[in-house]
Amino acid sequence: MIATSTLEISAKAYRQNIRYIRSEIGPTPTISAVVKGNAYGHGISQMVEIAEKAGIRHFSAFSSDEAWEVWAKSKKGSEIMILGMLHFEELEKLIRKGISFYVFDFERLEKAISISKEINIPAKVHIEVETGFHRTGFDWIQREKLAEMLIENSNYISIEGLCTHYAGAESVSNFVRVKNQIARYHEFKDFFNKQGISFKTYHTACSAATLIFPETIMDMVRIGIAGYGFWPTKETFFAKLNSLPKGNKNPLRRLITWKSTIMSLKAVKTGEFVGYGNSYMALENIRLAIVPVGYGHGYSRLLSNQGIVLIKGNYCQVVGTVTMNAIAVNVSKIKDLKIGDEVILIGKQGGKEITVASFSESTQMVNYEMLTRLPKDIPRKIIP
C-alpha cells in the first residue's frame, strides 16, 4: 500500500536535541520523553525506537492507551508514566506491569490502594499537587489528609514522585504566576518532608521551564516539544539567545519532513476560478499541480490561498480552497514537471525550507496543534 504522503522522522536530529537538553540540565537529571498526542504527531512507535537508541529510558504519556503503545514498542524496559487519563478497570494491569501514573485526587488514590492490597503489588504513583494551574492536583487544604493516607498505606504504594505542572512557563506574561507556583511546590515539598514522607523523584519542569527556569530542574525533566526540535515559543528562544553558542544560535533540530507527490497537472486560463466557490480567480494563464493532501490529512483548510509548498526547490503557493483530499498549487514558473515529482509540505528542498511555524503564522495554530493534527494513518519513516 502506497500512501498519498509520508512523514520522515530524523533520528539524527533527535540525538542532537537530547545532547543540547543534556548540556542544559547536567548529567544527573532523568530526561523523560513526553510522547502525548501521538508523540506530538511524530508517531509513538517511531519515537520510542528513536529515543531508546538515543539513551532515553523514561517516557511520559498522557493516557493509558498511549502508555500501552510505549510498553508494546519498548525494547529496553523503559519506565512509563501516565500524566493524565486512565480507567479504573485497567488499574490492576497497569500496576502489574509497573507502569506509574499521576494521582491527583483521593478517588484515584483510594482505588490504587485497594487494588494494590488485593494483588499485593505496590502501585507506582506520582503525587501531583495544585500550585496554580487549576486543572489537576491535590489542593493545599488537602495536604494533611493526603499525608495521612500516604503514611498509612506505605506498604501498598510506591511513592515515585512529587510533581506539578506550570501554567505557561513559555510566556513572560506568566513569569510571576510561575514563580508563585515554584514557591508553592516547595511548600508542599517541605510539608511532606516534615511528615517524614520522601519521594524518589521530584519533577516539575516541562520543556519551557527546563530552558528558562533552571530552578525547576530537579531529579527529572519532562521534555516534550523541545525534543522534537521546536522552541516552545519565540519568547523561549529569545530568552536563551544570548547564552547560545555564537556558531550555533539554534541548537534544536526539527525531526519531521512531510512529503507528497504531484498527482496531476492542469492548465487554467485567465478569468477561470480554481476549485470550490470563487475564492481564487486566475488573473493570467497559469499551470497547477494537484497534490493529494488536504484537510483530511491535517493540511488545514485555513491554508486556502495561503499555504506554500516546495517543488524542485521553488516555493509554490496554494490556490483555491483546500479540500478534504487535495490542494492545488501554482507551478507556472517551473519547467519540466511531471506526475510523481516530489512535493515538500514541511521540510527542506533545494536549500529552501518550509517550517511548521509557517503553518502557524498562516492559520493561527501553535506548533503543538498543527503537529498533533497530523493523522496517525500517515506512514512515518525513521531516517537514521
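Structure's up top.
**So, the pairing of strand E6 (residues 123-128)**
Right, on to step 1. With five of six residues buried, E6 lies mostly within the body of the structure.
Right, on to step 2. Pairing geometry for strand E5 (residues 100-103) and E6, over three bridges, is parallel. Looking across to E6, one finds that tyrosine 102 is bridged to histidine 126.
Right, on to step 3. Once the chain exits E5 it traverses helix H6 (residues 106-119) before rejoining the sheet at E6, and the crossover so formed is right-handed.
Right, on to step 4. Here E6 runs beside strand E7 (residues 157-163); their pairing, made up of six bridges, is parallel. By the bridge assignment for E7, glutamate 128 is matched with cysteine 163.

**Here we look at the pattern of salt bridges**
Right, on to step 1. Enumeration according to the criterion identifies twelve salt bridges in this entry.
Right, on to step 2. With a closest N to O distance of 2.6 Å, glutamate 24 and lysine 240 form a salt bridge. Linking glutamate 24 in helix H1 (residues 11-25) with lysine 240 in helix H10 (residues 234-241), this pair joins segments that are 216 residues apart in sequence.
Right, on to step 3. A salt bridge links glutamate 187 to arginine 184, with the nearest nitrogen and oxygen atoms 2.6 Å apart. Taken together, the residues glutamate 187 and arginine 184, both in helix H8 (residues 175-194) and three residues apart, mark about one turn of the helix.

**What to know about the environment of valine 129**
Right, on to step 1. Structurally, valine 129 can be placed in the loop between E6 and helix H7 (143-152).
Right, on to step 2. In sequence terms valine 129 and cysteine 163 are 34 residues apart; their C-alpha atoms lie 6.3 Å from each other.
Right, on to step 3. Setting aside residues up to four positions removed in sequence, valine 129 forms contacts with Gly137, Phe138, Leu162, Cys163, Thr164, Tyr185, Phe188 and Phe192.

**Describing unusual backbone geometry**
Right, on to step 1. Although it is not a glycine, asparagine 305 sits at a positive phi angle of roughly 60°.
Right, on to step 2. Look at asparagine 305 and you get buried, because its relative accessible area is 18%.
Right, on to step 3. One non-glycine residue, lysine 312, lies in the positive phi region at around 50°.
Right, on to step 4. Relative to the helices and strands, lysine 312 resides in the loop between strand E13 (308-311) and strand E14 (314-319).

**As for the nonpolar core**
Right, on to step 1. Residues Phe101, Ile127, Phe192, Trp258, Tyr299, Ile311 and Val329 are the most contacted members of the largest nonpolar core, which totals 108 residues.
Right, on to step 2. By residue number, the principal contributor to this core is H1, which donates seven residues.
Right, on to step 3. In this structure, valine 329 is in contact with Arg287, Leu288, Ala289, Val291, Val309, Ile311, Cys316, Gln317, Val318 and Val319, ignoring residues within four places of it in sequence.
Right, on to step 4. Listed in part, the ten residues of the second largest apolar core include Val274, Leu288, Ala326 and Ala328.

**What to know about the packing of helix H3 (residues 44-53) against helix H4 (residues 64-73)**
Right, on to step 1. Where H3 contacts H4, the two axes come as close as 9 Å, and the packing angle between them is 50°. The orientation of H3 relative to H4 falls into the category oblique. For the element pair H3 and H4, the recorded crossing hand is right-handed. Contacts from Ile44, Ser45, Val48 and Glu49 in H3 reach Glu66, Glu69, Val70 and Lys73 in H4.

**Re the state of the cysteines**
Each disulfide consists of one covalent bond between the sulfur atoms belonging to two cysteines.
Right, on to step 1. Going through the model one piece at a time under the given rule, you end up with zero disulfides.
Right, on to step 2. Here cysteine 163 is not cross-linked by a disulfide; its sulfur's nearest cysteine counterpart is in cysteine 206, at 13 Å.

**Focus on the sheet that holds E5**
Right, on to step 1. Taken in spatial order, the eight strands line up as E2-E3-E4-E5-E6-E7-E8-E9 and close into a barrel, and their pairing is parallel. The mean inter-strand angle of the sheet, taken between neighbouring strand axes irrespective of direction, is 30°.
Right, on to step 2. Of the pairings in the sheet, the one linking strand E4 (residues 79-82) to E5 comprises two bridges and is parallel in character. Bridging across to E5, isoleucine 82 finds its partner in phenylalanine 101.
Right, on to step 3. Contacting strand E2 (30-34) and strand E9 (220-223), H1 runs over the sheet at an angle of about 140° to E2.

**Observations regarding the packing of aromatic side chains**
Any two aromatic rings considered together are summarised by their centre-to-centre distance and by the angle between their planes.
Right, on to step 1. Applying the stated criterion across every chain, the model contains 15 aromatic pairs.
Right, on to step 2. Each ring, one from tyrosine 20 and one from tryptophan 231, has its centre 6.1 Å from the other, and the planes form 65°; the classification is edge-to-face. Taken together, the residues tyrosine 20 in helix H1 and tryptophan 231 in the loop between E9 and H10 connect sequence positions 211 residues apart.
Right, on to step 3. Judged by its relative accessible area of 8%, tryptophan 231 falls in the buried class.
Right, on to step 4. Consider the rings of tryptophan 68 and tryptophan 71, whose centres lie 5.9 Å apart with planes at 85°: the pair is edge-to-face. Of this pair, tryptophan 68 and tryptophan 71 both sit in helix H4, three residues apart, which is roughly one turn of that helix.
Right, on to step 5. One cation-aromatic arrangement involves lysine 145 over phenylalanine 106; the distance from NZ or CZ to the ring centre is 4.3 Å.
Right, on to step 6. Lying over the aromatic face of tyrosine 202, lysine 189 brings its terminal NZ or CZ to 4.4 Å of the ring centre.

Conventions used here
Residues numbered from 1 in each chain as written. Predicted model: local features only at pLDDT ≥ 70, side-chain atom pairs only at ≥ 80, totals over all residues. Heavy atoms only, no water. Buried < 20%, exposed > 50% of the residue type's maximum accessible area, 1.4 Å probe, protein only. Helix = DSSP H or I, 4+ residues; strand = E, 2+ residues; numbered from the N terminus. Pairing = 2+ DSSP bridges. Right-handed = clockwise from strand over helix to strand, strands pointing away. Salt bridge = Lys/Arg side-chain N within 4 Å of Asp/Glu carboxyl O. Contact = heavy atoms within 4.5 Å. Core = buried A, V, L, I, M, F, W, Y, C linked by side-chain atoms within 4.5 Å. Axes fitted to C-alpha atoms, helices over the stretch in contact; angles between N-to-C directions. Parallel < 35°, antiparallel > 145°, perpendicular 65-115°, else oblique. Left-handed = near helix turned anticlockwise from the far one by under 90°. Disulfide = S-S within 2.5 Å. Phe/Tyr/Trp six-rings, centres within 6.5 Å; stacked < 30°, edge-to-face > 60°. Lys NZ or Arg CZ within 6 Å of the ring centre and 35° of its normal.

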